[in-house]
Amino acid sequence: MPDVAFVLNGQPVEVQIAPHAFLVDVLRDRLGQTGTKVGCGTGECGACTVLLDGRPVNSCLVLAVRVGGCRVVTIEGVAADGELHPLQRAFMDCGAVQCGYCTPGMILSAKALLDACPAPSDVEIREGMAGNLCRCTGYVKIVQAIRAAADELARSSRTAFPGARRGS
Amino acid sequence: MKAFGYMAPRSIEEAVGLLGRESAVPLAGGTDLLVAIKRGAPAPEWMVDITGIGLDRIEEADGALCLGAASTHARILASDTVRSRFPALMEALTGIGSPQVRNLATIGGNICYAVPSADSVPPLLALGAEIEVIGPAGSRRWRLEEFFVGPRRTVLGPGELVTEVRVPLPAPGTGTAFLKAGRRKAMSLAVVNVAVSMRAAADNRTADGVRIALGAVAPTPLRAYSAEQLLQGRVFTADLAEEAAMEAAKATAPISDLRATARYRYDLSKVLVKRAIMKAWERAAGPGR
């Protein structure tokens, strides 16, 4: 059984795994990080989305043996210093969560989107979220929440860097 | 999940050696292969990971865009050359899977999996792409038209590995377009997909270098040669585009399945080919050329 060592939510971890083990199962069953959900198991629904070296991937399709040396971020690693991420607050404030099963994957896809494209249009939001299915909300509130979080992030970066150009 | 072994070679030579074993298959993004195994397809004894052997280069060389076979769709989409010179390829790759899938899935995988609906294939056919293969007997190069044998079947022999997709840089004044009809806007397999590449001759009225390719309408993606001939060297008109689209549909041999009937695919082929020709011509000869 190979050992795989990677950085999970900023912390180095090392775990012995079977070569055919998928990342989502290692996260949930071996490392106790159950925020990452299994929906379809075949890369359709996005409930298992995690960030691998900053990019969203379906952790149900990634062999755990392949993440050696990589940075993995799950929903457990999105809040910083006990403060919820603006996306997490916006999902609650906008009512973008109903049953909640898709939410961890939604938040990670949205985070990847905003990291790459801080001021997305509604079309860009919908394209960025195309790999995450929600069977409760109908997506309208999810799009609203992501837009609200983008606005909040833009405001706080202006506060943090008062010299920054407006609207950038 | 069925058990299999995993090997991560560090060079192409090492990978070819490992793939020479019986029951070893190359693993790239895994978005088709691993899903198939999860759904009950037999697992190989060994997975040979080909994502760490230098097959992820994206570069211009010798008048061609060279895409390493293990380049992910997301990385190809981020390439300036693709964005500026290969709009049809960009349009096709943008519609493959989801952002998560495009971060894993590779161009070589999309081609080698050889499903008739593969979205990357019609634009690559229309652009005259070639496939570089390495194997126990050395390397060889295939025209993409000759690469597919049937649904999920290619010319690749035991132990052979696709290393690169070479796409000639389009001649100046070339317009390309890709259109796809699926059941949804996103995360959808093509019911029909079409790509066209053509250029306007010096008079800006005559069609030249015409290539028309269709997917999901036959056992393999195909070129509509007789439709191309109808346009080639003639003064372009919308009526001629319509005629070529009718001719292209005749080259199809669609099946009925849960996504569409054969008849619908046939009719849709005409509509999409006509629209793709008009769009490619507009890009070739229009005011924005």
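Residues numbered from 1 in each chain as written. Chains lettered and ligands numbered in written order. Predicted model: local features only at pLDDT ≥ 70, side-chain atom pairs only at ≥ 80, totals over all residues. Heavy atoms only, no water.

> Is there a simple way to think about the overall build of chain B in this case?
Counting its secondary structure elements, chain B contains 11 helices and 14 strands. For a compact globule of 289 residues, the expected C-alpha radius of gyration is about 19 Å, and chain B comes in at 19 Å, within 12% of that figure. Taken along its principal axes, the extent of the C-alpha atoms in chain B is 60 × 45 × 35 Å. By the burial criterion, 54% of the 289 residues in chain B qualify as buried. Taking as baseline every contact in chain B between residues at least 6 positions apart, the subset at least 24 positions apart corresponds to 62%. Surface accessibility of chain B: about 12100 Å² in total, with carbon and sulfur atoms responsible for 51%. For chain B, the distance from the average position of its 35 positive side-chain charges to the average position of its 29 negative side-chain charges is 7 Å. (Helix = DSSP H or I, 4+ residues; strand = E, 2+ residues; numbered from the N terminus. Rg over C-alpha atoms; globule rule 2.2 N^0.38 Å. Buried < 20%, exposed > 50% of the residue type's maximum accessible area, 1.4 Å probe, protein only. Contact = heavy atoms within 4.5 Å. Areas by Shrake-Rupley, 256 points an atom, 1.4 Å probe, with all protein chains shown as cover. Lys, Arg positive; Asp, Glu negative; His and termini not counted. Charge placed at Lys NZ, Arg CZ, Asp CG, Glu CD.)

> Teacher, can you tell me more about helix 1 (residues 12-19) of chain B here?
Each α-helix winds once per 3.6 residues, and so residues spaced three or four apart point in a common direction. Residues and elements named next belong to chain B. Of the residues making up helix 1, those classed as buried are A15, V16, L18 and L19. Viewed along the axis of helix 1, the buried residues span an arc of 165°, placing them on a single side of the element. Packing partners of the buried residues in helix 1 comprise strand 1 (5-7), strand 2 (24-27), strand 3 (46-49), strand 6 (130-135) and strand 10 (161-168). (Arc of directions from axis to C-beta.)

> Explain the sheet that holds strand 13 (residues 207-215) of chain B here, please?
Sheets are built from strands paired through backbone hydrogen bonds, the pairs being either parallel or antiparallel. Residues and elements named next belong to chain B. One open sheet holds the four strands; their spatial order is 11-12-13-14, and the pairing between them is antiparallel. Edge strands, defined here as strands with exactly one partner in the open sheet, are strand 11 (174-182) and strand 14 (222-223). Sitting on the sheet, helix 11 (residues 262-285) touches strand 11, strand 12 (190-200) and strand 13, and the angle it makes with strand 12 is about 30°. (Pairing = 2+ DSSP bridges. Axes fitted to C-alpha atoms, helices over the stretch in contact; angles between N-to-C directions.)

> Got a minute to help me understand the pattern of salt bridges in this structure?
A side chain with one charge can pair with a side chain of the opposite charge if their charged atoms come near. Residues and elements named next belong to chain B. Counted by the stated rule, this structure contains 24 salt bridges over all chains. Measuring nitrogen to oxygen at the nearest pair gives 3.4 Å for the salt bridge that ties R57 to E59. You can call E59 partly exposed: its relative accessible area is 32%. A salt bridge links K180 to D119; the nearest nitrogen and oxygen atoms lie 2.6 Å apart. (Salt bridge = Lys/Arg side-chain N within 4 Å of Asp/Glu carboxyl O.)

> How should the interface of chain B and chain A be read in this particular structure?
Frequently, the measure chosen for interface size is the accessible area that the parts lose on association. Facing 26 residues of chain B, the contacting portion of chain A comprises 25 residues. Where chain B abuts chain A, roughly 2100 Å² becomes buried across the two surfaces, and 62% of that area is made up of carbon and sulfur atoms. Linking chain B with chain A are two salt bridges, by the criterion used here. Across the pair R66 of chain A and D49 of chain B runs a salt bridge, and its minimum N-O distance is 2.9 Å. Of the residues belonging to the side of chain B that touches chain A, the class tally is 14 nonpolar, seven polar and five charged. (Buried area = accessible area lost by both parts, 1.4 Å probe. Nonpolar A, V, L, I, M, F, W, Y, C, P; charged D, E, K, R; others polar.)

> Help me out: how do you make sense of the layout of surface pockets in this one?
Left-over empty space is what a probe sized like a water molecule reveals as it rolls over the atoms. Approximately 1600 Å³ is the volume found for the second largest pocket. When contributions to the lining of the second largest pocket are tallied by element, the ones reaching two or more residues are strand 4 (55-58), helix 3 (103-116), helix 4 (122-128) and helix 5 (140-160) of chain A together with helix 3 (73-77), helix 5 (87-94), helix 6 (99-102) and strand 11 of chain B. In terms of residue class, the lining of the second largest pocket is made up of 22 nonpolar, 11 polar and 12 charged. (1 Å grid on protein atoms, 1.4 Å probe; cavity = no way out; pocket = protein on both sides within 12 Å on 5 of 7 lines; lining within 4 Å. Points joined across faces, edges and corners; volume = space filled by probe spheres on them.)

> Looking at this model, I keep getting lost on the packing of helix 2 (residues 86-93) of chain A against helix 3 of chain A. Mind explaining?
Each pair of packed helices can be summarised by the angle the axes make with each other and by the distance between the axes. Residues and elements named next belong to chain A. Interaxial distance between helix 2 and helix 3 falls to 10 Å at its minimum, and their mutual angle equals 125°. Taken together, helix 2 and helix 3 sit at an angle that is classed as oblique. Like other packed secondary-structure pairs, helix 2 and helix 3 cross with a definite hand, here right-handed. Mapping the contact onto sequence places L87, Q88 and F91 in helix 2 and T103, M106, I107, A110, K111 and L114 in helix 3. Residues belonging to the contact of helix 2 with helix 3 are distributed by class as follows: six nonpolar, two polar and one charged. (Parallel < 35°, antiparallel > 145°, perpendicular 65-115°, else oblique. Left-handed = near helix turned anticlockwise from the far one by under 90°.)

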